[in-house]
Amino acid sequence: MPSADPDLFPLLVQAWLDCRRTKRNSASAQAFEAQAETNLMELHDELAAGAWQPGRSICFVITRPKPREVWAAQFRDRIVHHLLYNAIAPAFHARFTADSCACIPGRGTLYAAQRLEHQVRSCTHNWSRPAHYLKCDLANFFVSIDKAVLLSQLRRRIASTWWAQLAETILMHDPRGDVEIRGSRSELALVPPHKSLFNAPDHHGLPIGNLSSQFFANVLLDDLDQFVKHQVRAPHYVRYVDDFVMVHTCAQWLNHARQQVEERLAGLHLALNPRKTILQPVARGIDFVGHVIKPWRRTTRPRTLRTALQRIEAAQPADLHATGNSYFGLVRQAGASHKEQAAIARAMLRRGHAVDGDLTRAFKRKACP
């Protein structure tokens, strides 16, 4: 690897500060922080000499909203992921279309839902004429990613040889070679075999759970976004990770667009999931990023509300206040959310918490002296 930039250390310190922001209470973060200066200098020297290599990962299974593997890199490796992201992401973000969402500052689920609602209103002339939507999902996306295709995209767009080499080191690392598996065999068995990184072919698949994987996924699918916008010339399109929606007044146009998209995806060694490809009138509602967009309103997905009520009912007393308020914040993102807020408020009242009159947050009741 070529020599690093002489100003690498300040960038490394900033990456450490960014990384610890959400991981400060973890054991690995605290162990690193106990000797932060020494650890940062050692990491800097490894990077500057081109000797840094990713270490052991931890793999575990989460079950909500569905079973999937999560791969957690060790804390010092996460710092390097942030270092790379801080250095190269701004140039990529400037290239991304305004309709690309996820792992982009200011473009989370709320942005995606509002963007799609705007696109639908534009296409239907504010719900005054009919239209159709095509919603697609990529089959086994993270496990199917061909690293060779992604590497060629990164090399084309990263001017610095050193940063390009660091990106290649992170991308081409196979975490299956050094992994600590946490959890029981029964939990691991919940993940379908075709969705497990353990079963991916060599040089395929990105580990879900790392900042670098989310960023690399956006880089790969930027080719799809640019194709849809400039070749297919879709006037109304929004993508969030591997889910995307096109809206048009003509259903036949959308079918032809789907065929073009499938051909382009084949060049990226990806494919659509036929079971999750939907073409229907927008008046029936578009289920996207936890929201349902219907004529004149945007509501919370019913499954999200059911999950919220179940978790509030089952929450431990010490966790109930935070759980309830997090769901209040989630459902308030939908423009027409009064019914959902009222349902959460009733659940919190049953558990002995007070709720403000606007149904926006819960309060702990003070015990009588």
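Residues numbered from 1 in each chain as written. Predicted model: local features only at pLDDT ≥ 70, side-chain atom pairs only at ≥ 80, totals over all residues. Heavy atoms only, no water.

Colleague: Teacher, can you tell me more about the nonpolar core here?
Modeller: Note on soluble globular proteins: their nonpolar side chains tend to be buried together. Core analysis: the biggest nonpolar cluster contains 64 residues, and Leu-47, Leu-166 and Met-246 have the highest contact counts within it. Counting residues per element, this core draws most heavily on helix H10 (residues 211–230), which supplies 10 residues. Core analysis: the second largest hydrophobic core is formed by 17 residues, Val-245, Val-247, Val-282 and Val-289 among them. (Core = buried A, V, L, I, M, F, W, Y, C linked by side-chain atoms within 4.5 Å. Buried < 20%, exposed > 50% of the residue type's maximum accessible area, 1.4 Å probe, protein only. Helix = DSSP H or I, 4+ residues; strand = E, 2+ residues; numbered from the N terminus.)

Colleague: Can you help me understand unusual backbone geometry in this one?
Modeller: Looking along the chain, the bond that leaves Arg-64 and enters Pro-65 is cis, with omega of -5 degrees. Backbone geometry at Trp-127 places phi at a positive 65 degrees, although glycine is not the residue there. You can see Trp-127 is positioned in the loop between helix H5 (109–123) and strand E4 (132–137). Given a relative accessible area of 15%, Trp-127 falls into the buried group.

Colleague: Could you clarify how one ought to interpret a positive patch on the surface in this entry?
Modeller: Together, Lys-66, Lys-195, Arg-275, Lys-276, Arg-303 and Arg-306 line one region of the surface with positive charge. You can see Lys-195 is positioned in the loop between helix H9 (185–188) and H10. The class for Lys-195 is partly exposed, based on a relative accessible area of 34%. (Patch = residues over 30% accessible without salt bridge, like charges linked within 9 Å, V, L, I, M, F, W, Y side chains within 5 Å. Areas by Shrake-Rupley, 256 points an atom, 1.4 Å probe, with all protein chains shown as cover. Salt bridge = Lys/Arg side-chain N within 4 Å of Asp/Glu carboxyl O. Lys, Arg positive; Asp, Glu negative; His and termini not counted. Charge placed at Lys NZ, Arg CZ, Asp CG, Glu CD.)

Colleague: Explain the layout of surface pockets here, please?
Modeller: Empty space left among the atoms is revealed by rolling a probe the size of a water molecule over them. By volume, the second largest pocket is sized at about 330 Å³. Among the secondary structure elements, those contributing two or more residues to the lining of the second largest pocket are helix H2 (27–34), strand E1 (57–62), strand E2 (68–73) and helix H4 (75–95). (1 Å grid on protein atoms, 1.4 Å probe; cavity = no way out; pocket = protein on both sides within 12 Å on 5 of 7 lines; lining within 4 Å. Points joined across faces, edges and corners; volume = space filled by probe spheres on them.)

Colleague: Help me understand helix H11 (residues 251–267), please; the structure alone is not making it clear to me.
Modeller: Think of an α-helix as 3.6 residues a turn; residues three or four steps apart then line up on the same face. When the terminal C-alpha atoms of H11 are compared, their 25 Å separation across 17 residues agrees well with the 24 Å that a helix rising 1.5 Å per residue should span. Against E4, H10, strand E7 (243–248) and strand E8 (278–281) lie the buried residues of H11. His-269, located one to two residues past H11, shows a positive phi value of around 65 degrees. (Expected span 1.5 Å × (residues − 1). Contact = heavy atoms within 4.5 Å.)

Colleague: Explain the environment of Ala-91 to me, please; I cannot follow it from the model alone.
Modeller: As for its placement among the helices and strands, Ala-91 is situated in helix H4. Owing to a relative accessible area of 55%, Ala-91 belongs among the exposed residues under this scheme. Along the chain, Ala-91 and Arg-157 lie 66 residues apart, while their C-alpha atoms are 8.7 Å from each other.

Colleague: Help me understand the side chain of His-81, please; the structure alone is not making it clear to me.
Modeller: The residue His-81 is located in helix H4 in this model. Discounting residues that sit within four places of it in the chain, His-81 has contacts with Ala-73, Ile-170, Asn-210, Leu-211 and Ser-212.

Colleague: Where do I start with empty space enclosed by the protein in this structure?
Modeller: All told, the structure shown has 1 cavity of 30 Å³ or more when counted by the stated rule. Approximately 170 Å³ is the volume attributed to the largest cavity. Lining the largest cavity are 20 residues, with His-81, Ile-170, His-173, Pro-207 and Asn-210 positioned closest to its centre. The set of elements that each furnish at least two residues to the lining of the largest cavity consists of E2, H4, helix H8 (161–172) and H10. Looking at the lining of the largest cavity element by element, the count peaks at 3 residues for H10. Considered class by class, the residues forming the lining of the largest cavity number 10 nonpolar, 8 polar and 2 charged. (Nonpolar A, V, L, I, M, F, W, Y, C, P; charged D, E, K, R; others polar.)

Colleague: Whenever I open this one, H8 confuses me. Can you help?
Modeller: For H8, spanning 12 residues, the distance from its first C-alpha to its last is 16 Å, which sits close to the expected 16 Å at 1.5 Å a residue. Elements in contact with the buried residues of H8: helix H1 (8–23), helix H3 (36–49), H4, helix H7 (147–157) and H10.

Colleague: For this particular structure, what's the right way to read the pairing of strand E10 (residues 291–294)?
Modeller: Along a regular strand, successive side chains alternate from one face of the sheet to the other. Pairing of strand E9 (residues 286–288) with E10 involves 3 bridges; the strand directions are antiparallel. Bridge pairing in E10 links Phe-288 to His-291. What sits between the antiparallel neighbours E9 and E10 is a turn of 2 residues, in which Val-289 has the positive phi angle 45 degrees. In this sheet, strand E11 (residues 297–300) lies alongside E10 in antiparallel orientation, the contact comprising 4 bridges. Each bridged residue has a counterpart across the sheet, and for Val-292 the counterpart in E11 is Thr-299. (Pairing = 2+ DSSP bridges.)

Colleague: Help me understand the pattern of salt bridges in this model?
Modeller: Side-chain pairs of opposite charge can arise where the charged atoms are in close proximity. Evaluation of the coordinates by the stated rule reveals 19 salt bridges. Here Asp-174 and Arg-176 are joined by a salt bridge, their closest N and O atoms 2.9 Å apart. Looking at Asp-174, the relative accessible area reads 33%, which means it is partly exposed. Glu-262 is the partner of Arg-258 in a salt bridge, and the nearest nitrogen-oxygen pair spans 3.2 Å. Of this pair, Arg-258 and Glu-262 are both found in helix H11, 4 residues apart, which corresponds to roughly one turn of the helix. If you follow the salt bridges from partner to partner, you end up with Arg-95, Arg-156, Arg-157, Asp-222, Asp-223 and Arg-264 in one network.

Colleague: Help me understand the sheet that holds E9 in this model?
Modeller: Adjacent strands of a sheet pair through backbone hydrogen bonds, lying either parallel or antiparallel. Pairing is antiparallel in the open sheet, where 3 strands are placed in the order E9-E10-E11. The open sheet has two edge strands with one neighbour each: E9 and E11. For this sheet the average axis-to-axis angle between neighbouring strands, irrespective of direction, equals 25 degrees. (Axes fitted to C-alpha atoms, helices over the stretch in contact; angles between N-to-C directions.)

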